[in-house]
Amino acid sequence: MSALAPTKRRGLAQRTHPLVYVGLYLVSLVIVLPLLWMFLTSFKTDFDAISSPANPIPNPFTVDAYVTLAGGSQPILQWFLNSVIAATAQTLIILVTASAAAYALARLEFVGKRIVFGIIIATLLVPGVIFLIPNYLIVQNLGWLDSLWAIIIPGSAGAFGVFFLRQFFISLPAEIEEAARVDGAGDFRIFWQIVLPLSRPALATLAVLSFLTNWNDFIWPIYVLLSPENLTLQPGLAVLQGTYSTHFGIVMAGAVIASVPVLILFTLAQKQIVESVANSGIKG
Amino acid sequence: MGRRSAIAYLFLAPFLILFSVFVLGPAIYGLWISLHVWNPLLDNHPFVGLQNYIDLFTPGSLTSGDFWKSMGATGIFTVASVPLLLLIPLGIAMLLNNRVRGGSVFRGIFFAPYVLGVAVISVLWRYLLDPQLGVVNALIGQDIPWTVQVPWAWISLVGITVWWTLGLNTIILLAGLKGISAELYEAAAIDGAGPWRKFTSVTLPGLRPVMTFVVTVTILASANMFGQAYLITKGGPGTDTRTAIMYIADQGLTQNQMGAATAMSYLLFAVLAAVSVLNFRLQRDNTL
């Protein structure tokens, strides 16, 4: 059952206190206002942004900041493209490699299974900073410094996807697979034609989470990407903040460009994302 | 190896290759690096045994002062942010645990900042909190040095982080609240328990397993703080808000002191592991 489904409350049928709504609207306001300010400021002129910061309504309304960004000294469109390519490629690699590995760990018997699973899970608890310097050297040796390969490949090796999908595969009823096996289907067919189609919701959730993680990563790309044209959007924003410091409209426009894709993705996949997060505490 | 095992390893192979090269390998390689003076620009990396670790515990060594100051900064941030990231989300989750019209919309709004990258929320708040030209000072008519003086810089970093990630803990705690049986509340009501008594006798004990998870994850996340300080305060004023991760990354990847930096990262890991174990023990023994 879904972790956030409404629970039946026999005997507790009082009306919800109005203060509950007051509280929820207040929190919503605190969350939304800064984001609203970001969007609105991106449509301000430089002068407007600096001279009337307390008034969020652009006067005049202008898309100059976006025009400046598109034609400016920093290749933000290239960064956007790099981010899309890297996040998409990494998501695909994770879906393929993690689903196959998770299937083996969930359904197949093999020598060393407990050790392999134990090692994979143990790395979930290791903080990312442990990998920062050694992976920098590995990526350097592979000739991937300052290239998108550094953004795509190392991050696709994390244990989360395997752990996440294994949990889901285990929860699938084994009867269908057993019936297929009786009918003579091999492991590859069962995986491809039965397990994967049944797992579409979990695969979709993992895809969204992987895309978001890669899109938003910051510490790794700021160190392994060097040339302006090779950056992704997050390190790009750091550059924009340096280049345009008090041209707040332009910096906010960059932040909007980096936000819109993930906000759209979140709106579309809100239910899956929130569910998977809700379950993390209960099952974790 | 039997045929069954061979097939299983065929399934595992693509992941295990990546995992070995970019996760397991680096974890061990990092330990190896930490036993050397390792400047990536030089061909020769002299083996020094545990010297990099010993240096971190030797007052007056090249690294110990700055390292422990950065650990202290991480500690301040963690101690200040974790209670807020437990209490505020718990309060919001309890609000959402009522019959609320539009509950999923509220959940979506509260979670939304978390899907934005640290760079986005940092440049946004860097603008809002700009001491001279920012929105917040303009709104309240003050000249508060939000990003350039302590303790304001800490207040800003903690507040921004709470704003950014409160939705995450809210959602997890809400799921925990939903898992508490309504019968327990009814029984408490029959026994004459008021709201506070219900909270301490039913809600908190019922949340304990989820709370242990949330506390651990939140401590680890706070202890790994990097982007906010990197972009908003640049570690300043001076190096007051330079966190351990910032110092390690700077030493290893900018100053080319990779041996010392990897030693620091393993020491940080050890501290975090100890804190996690301690937290699990405390929560298990705690009979609230």
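Here, residues in each chain are numbered from 1, in the same order as that chain's written sequence. Here every chain gets a letter starting at A, and every ligand a number starting at 1, in the order they are written. Only residues with pLDDT of at least 70 get local features here, since the model is predicted, and only at 80 or more are side-chain atom pairs given and counted; chain-wide, interface and lining totals rely on the full set of residues.

Participant: I'd like a description of the overall build of chain A, backed by residues and values.
Facilitator: Helix and strand definitions follow DSSP, with helices as H or I runs of at least four residues and strands as E runs of at least two, each counted in order from the N terminus. When you go through chain A residue by residue, the secondary structure sums to 14 helices and zero strands. Listing every helix and strand of chain A by position from the N terminus yields α-α-α-α-α-α-α-α-α-α-α-α-α-α. With respect to the three principal axes, the spread of C-alpha positions in chain A is 75 × 65 × 35 Å. With C-beta atoms placed from the backbone, a residue counts as buried when 20 or more other C-beta atoms lie within 10 Å of its own, as exposed when 12 or fewer do, and as partly exposed for counts between those limits. The burial tally for chain A puts 42% of its 284 residues in the buried class. Taking the intrachain contacts of chain A between residues at least 6 apart in sequence as the baseline, contacts between residues at least 24 apart amount to 74%. Residue pairs qualify as contacts under a 7 Å threshold applied to their C-beta atoms, which are placed from the backbone.

Participant: Can you lay out the packing of helix α1 (residues 3-33) of chain B against helix α12 (residues 258-285) of chain B for me, pointing to particular residues and giving the numbers?
Facilitator: Packed helices, taken two at a time, are described by the angle between their axes plus the distance between the axes. Residues and elements named next belong to chain B. Throughout, an axis means a line fitted to C-alpha atoms (over the contacting stretch in the case of helices), and angles, computed between N-to-C directions, take values from 0 to 180 degrees. At a minimum axis distance of 8 Å, the contact between α1 and α12 shows a crossing angle of 120°. Classified by the interaxial angle, the pair formed by α1 and α12 is oblique. For α1 against α12, the interelement crossing comes out left-handed. Here G30, L31 and I33 of α1 lie close against α12, whose contacting residues are M258, G259, T262, S265 and Y266. The residue classification treats Ala, Val, Leu, Ile, Met, Phe, Trp, Tyr, Cys and Pro as nonpolar and Asp, Glu, Lys and Arg as charged. All others, Gly included, are polar. The class makeup of the residues in the contact of α1 with α12 is four nonpolar, four polar and no charged. Note that the term roughly parallel is reserved for angles under 35 degrees, roughly antiparallel for angles over 145, roughly perpendicular for angles of 65 to 115, and oblique for everything else. Crossings are classed by handedness, with left-handed meaning an anticlockwise turn of the near helix from the far one by less than a right angle and right-handed meaning a clockwise turn.

Participant: Outline the interface of chain B and chain A, supporting the account with residue identities and numerical values.
Facilitator: Contacts between the two partners involve 83 residues from chain B, matched on the other side by 84 residues from chain A. When residues in the side of chain B that touches chain A are grouped by element, the largest group, 20 residues, is from α1 of chain B. Looking at the side of chain B that touches chain A, its residues break down into 64 nonpolar, 13 polar and six charged.

Participant: Would you mind going over helix α9 (residues 195-223) of chain B in detail, with residue names and values included?
Facilitator: With 29 residues, α9 of chain B should reach 42 Å at 1.5 Å per residue; the first-to-last C-alpha distance of 34 Å falls well below that figure. The sharpest bend along α9 of chain B comes to roughly 60°, located at R208 of chain B, with the proline P209 of chain B sitting one to four residues further on. Expected helix span is computed as 1.5 Å times (number of residues minus one). Bending is quantified residue by residue as the angle between axes fitted to the seven-residue window ending at that residue and the seven-residue window starting at it.

Participant: Requested: an account of the domain arrangement of chain A, with residues and values cited.
Facilitator: Segmentation of the chain into domains, including their bounds, is taken from an automatic or database domain assignment. If you check the domain split of chain A, you get domain 1 (18-68) and domain 2 (73-243). Relative to domain 2 of chain A, the C-alpha centre of domain 1 of chain A lies at a distance of 35 Å.

Participant: Quick one: what's the story with the nonpolar core, residue by residue and with numbers?
Facilitator: One nonpolar core equals one set of buried Ala, Val, Leu, Ile, Met, Phe, Trp, Tyr and Cys residues connected by C-beta atoms within 7 Å. Of all hydrophobic cores here, the largest spans 154 residues; its most connected members are A101 and A255 of chain A. Per-element accounting of this core gives the leading share, 16 residues, to helix α14 (residues 248-283) of chain A.

Participant: Any details on helix α1 (residues 18-41) of chain A? Residues and values, ideally.
Facilitator: All names here are of chain A. Look at α1: 34 Å from first C-alpha to last across 24 residues, which is about the 34 Å you get at 1.5 Å a residue. Roughly 30° is the biggest bend found in α1, and it falls at V32, with proline P34 one to four residues downstream. Within the sequence span of α1, burial applies to L24, V27, I31, L35, M38 and T41.

Participant: Before we move on, could you go through unusual backbone geometry and cite the residues and values that matter?
Facilitator: The residue after V150 of chain B, namely P151 of chain B, is reached through a cis peptide bond having omega 5°. Mapped onto the fold, P151 of chain B is located in the loop between α6 (135-140) and α7 (152-178). Put simply, G236 of chain B and P237 of chain B share a cis peptide bond, and its omega is 0°. With respect to the secondary-structure elements, P237 of chain B resides in the loop between α10 (227-233) and α11 (244-254). With a phi close to 60°, D146 of chain A is a non-glycine residue in the positive phi region. Along the polypeptide, D146 of chain A turns up in the loop between α6 (129-141) and α7 (148-152). When the 16 C-beta atoms within 10 Å are taken as the criterion, D146 of chain A is described as partly exposed. Phi is positive for K234 of chain B, which is not a glycine, with a value near 50°. Position of K234 of chain B relative to the elements: it lies in the loop between α10 and α11.

Participant: Residues and numbers for the environment of A101 of chain A, please.
Facilitator: Along the chain, A101 of chain A turns up in helix α4 (residues 76-107). Distance in space between the C-alpha atoms of A101 of chain A and G161 of chain A is 9.4 Å, their sequence separation being 60 residues.

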